[in-house]
Amino acid sequence: MEPESPHSTNAVRRRPNNSRPYRSKRHPPCDECRRKKLRCQADSHSSCQRCLTAGYSCSFAYPLHRRRGVALSRSSASPTQQVATINSKQPEQVSAVQQSQSAHLSTTSPPLDLFTLDPTGITSASVDTRTQTPYPFVERHTHQTIQTLDGLDGFSYQVIGASGESDPWLLRHCKFNDKGFLLSHQVHFRNAGGVPLDEKIPVHFLVTADQLYESSKQSPEFPGSNLTREELNSLVSQECGQRLVILFFKFVFPALPVLSRSQFDLAAAGTVPDPSTLQRTPVCLLAAIYASALPFAKFDNYLCLVYAYSLPSTERLWRMVLALVLQEGHNPRLVTLQAGILYLQRPVSATESAVADSVSVWSFVGMLVGIATSLGLQLECRPMGLPAWERRIRRRLWWAIYAEDKWRSLLMGRPPYIRNDEWDVTDSEDEDFSVSDSLRDASQSASNDGNSSHEVWYARPFQHFIRLSRIADELQQSLYALRSAQRLCSDFHATLEIARPLLQKLKEWAELLPATPRQQSRHTLTMESIALQVSCLRFACILLEVFIFRALLRPMVRSATPPPLYEETHEIPGFAGQFDDLINQLFEMDEFEPSLAIDLSDGNGSGSAVLQAAESCAAKMLRTVMRVSYGDMSGFQYSWSRIGFATVSNFLILLLVQAPTKDHALRAKRLIDLWRDALRNQSKSSSVVGLGLVQLEAALWAGLSRNYYLPRHVKEILERR
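Residues numbered from 1 in each chain as written. Predicted model: local features only at pLDDT ≥ 70, side-chain atom pairs only at ≥ 80, totals over all residues. Heavy atoms only, no water.

The name an unreviewed UniProt entry assigns to the protein is Zn(2)-C6 fungal-type domain-containing protein, from the organism Aspergillus aculeatus.

Here it is in structure tokens:
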């Protein structure tokens, strides 16, 4: 016998007129019954019977404060009235009236009210800004409404990959609302719904307000070549340009050797390029050199004075680079790839420093990989009949674009563009960093220090970086590629077997990392720049360890069963609603907390050892960042490093959310507090930590217990003062 429909006469007779199902939209229940997912027995203009019996403060007695849940619902307002308006609030402003946020679908579909927040005010006296979230707290919902992603006007979205800085296996513990959203400020998370299932990874999307990417969305211009060179000369004078080239080779070249010193007639660091050399250098490359070197103008006595009050517009220079790279992409040369790689390393604007890279960054990497392979850089060029300087620069350019592909693939959670069976370039050697014989002879006679050893030091950081990039590629393929992640996400022992050799390779790599050079010569500043690069490499090595332990943590707890998906107009049968009421009365919400999938009772077992090693890895990263001085942070940093800091922030939160005991939770909480202080201190001298700091602050300010399902012992620790 089929259960009766809620629209049938018998079903209506058996339900009291004042009964309110907790899913009802037309007759919503009180807050307490909805939170517990129970049918609400409401009197007219009074508390419901359940609240009266239990002695709770019923929201029906305070109708202005009824709507506490965050909902996604259809609205009859016009599209122009539903344009998204999102204003970031400072913690002290949370107590003010919360603004309604909304977005709508395109005109071809009904409007969608995206973010409808509680419009009621909260008095500042009742708000503890250390724990109060700016968005209403939501419990786990028994279903998720099917909603479009591609029709959110004013917002863009991108999938969060398995190795993205926002860990999908951390997000699986989040408290999404019945539309699948976890709301923050102008960056939100959307649960795809329906996963994880067996051998399927958790799928989430990052939904970002379009206005955060406005500065990078400006259309580049395509001016004529003569006009562009004249404009470049007006931005940077010839004398300043010569000095910026010197700074580039001192600070950027050791980490990113994408230029040919032979082509610039530079025998050694500090050599002043001839004005004619600058004039024959293509504009796109020269503008990229200037823009890359401008942050280090303070290290030049003349530029420090000239640019004390007015710096050339680096934004204008980078836009010029982008425009010319896109223009020359139709008939590229090596200089096109050189300028494009430098453009990838540009510092992001202040408005974008706290958000993840836009989709355009990964698309641009793909374009550069396409240019590199079209020019044949994936082929070993030593046997080719090419000049020595061209063979050297082709090999270095290949390894530079290879590293970009591998690191951004891992950090952004994207499939790599470069396949291992489609290139045969041999490992980088010292010979790849030599200069022409005539320039070398001139350098030796001028410096009287023989085969100037600084030339070898130039090669070392980049060579070690390439070896580390090879390990990063192996790590991504074996632990985070789609098929690998699906197979390993619930298999702890198989993951451990893959992790062990990777950790051993990182240990061997770290042992071969050269000590900081201490040469006292006219190349001292260059040696200091190389020392800074060695510090960056240590950070990158520990970051790969973080990824390994992150993969080991994901099968240690079980994933909750995903809520069923329903169309927005779908009505739940009355019998199912009564059954849900019974279930929710028998079981508490704490059952949704993360539960262990492996046995940790043996303190000497592999599970306990991995957990302790993961905490040690986090502590090692913390010590590394805390010991970094101001000078280290002011040197050249790979632009993807900022994603690395965000990855560490999410890793520390994962350690706390999945902590199996109170002792582990206490250690994780202590690490988070120290990491927070370290990022705050480093943010004073560098913006590269901005993304990691913002993601950590957002999670802690909103309250982990409000955004995540936590074990009871973790809740107790967070509630302590």
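Details of the side chain of Ser639
Along the chain, Ser639 falls in the loop between helix H21 (630-633) and helix H22 (641-657). The class for Ser639 is buried, based on a relative accessible area of 14%. One polar contact links Ser639 to Arg408, side chain to side chain, over a distance of 2.5 Å. Beyond its immediate chain neighbours, meaning those up to four positions away, Ser639 contacts Leu344, Gln345, Arg346 and Arg408. (Helix = DSSP H or I, 4+ residues; strand = E, 2+ residues; numbered from the N terminus. Buried < 20%, exposed > 50% of the residue type's maximum accessible area, 1.4 Å probe, protein only. Polar contact = N/O pair within 3.5 Å; in protein donor to acceptor, adjacent residues only side chain to side chain. Contact = heavy atoms within 4.5 Å.)

What to know about the confidence of the model for the protein
Close inspection of predicted coordinates is inappropriate in any region flagged by low pLDDT. In this model, the protein carries a mean pLDDT of 77, and residues with pLDDT of at least 70 account for 70%. Mean pLDDT across the elements of the protein bottoms out in strand S3 (residues 71-74) (32) and peaks in helix H11 (residues 334-344) (97). Considering only residues more than four positions removed or in separate chains, one finds that residues 518-523, a stretch of pLDDT under 50, has 11 contacts. Under a pLDDT of 50 for its full length, residues 585-591 has, in the predicted model, five contacts with residues more than four places off or in other chains. (pLDDT = per-residue confidence, 0-100.)

Topic: the sheet that holds strand S7 (residues 181-182)
Strand order in this open sheet of four strands is S6-S9-S8-S7, and the pairing throughout is antiparallel. In this open sheet, the two strands that pair with only one neighbour each are strand S6 (155-159) and S7. One ladder, built from five bridges, connects S6 with strand S9 (residues 204-209); its direction is antiparallel. If you follow Val159 over to S9, its bridge partner there is Phe205. (Pairing = 2+ DSSP bridges.)

Points about helix H26 (residues 712-719)
Turning to H26, its buried residues number three or more, namely His713, Val714 and Ile717. In a view along the axis of H26, the buried residues occupy a sector of 100°, so they form one face of it. In H26, the exposed positions angled more than 90 degrees off the buried face are occupied by Arg712 and Glu719. Buried residues in H26 make contact with H22 and helix H23 (662-682). (Arc of directions from axis to C-beta.)

Re the pairing of strand S8 (residues 187-191)
With four of five residues buried, S8 lies mostly within the body of the structure. Pairing of S7 with S8 involves two bridges; the strand directions are antiparallel. Paired with Phe181 across the bridge in S8 is Arg190. Connecting the antiparallel pair S7 and S8 is a turn made up of four residues. The sheet contact formed by S8 and S9 spans five bridges and is antiparallel. Its bridge partner lying in S9, Asn191 is registered against His204.

As for the packing of aromatic side chains
Scanning all chains against the criterion turns up 24 aromatic pairs. Taking the centre distance of 6.3 Å and the plane angle of 25° together, the rings of Phe645 and Trp675 count as stacked. Of the two residues, Phe645 sits in helix H22 while Trp675 sits in helix H23, which places them 30 residues apart along the sequence. Here the two residues Phe645 and Trp675 agree in accessibility, since each one is buried. Taken together, the ring pairs in this structure connect Trp407, Phe433, Phe462, Phe465, Phe636, Tyr638 and Trp640 into an aromatic cluster. Cation over ring: Arg396 sits above Phe433, and NZ or CZ is 5.5 Å from the ring centre. (Phe/Tyr/Trp six-rings, centres within 6.5 Å; stacked < 30°, edge-to-face > 60°. Lys NZ or Arg CZ within 6 Å of the ring centre and 35° of its normal.)

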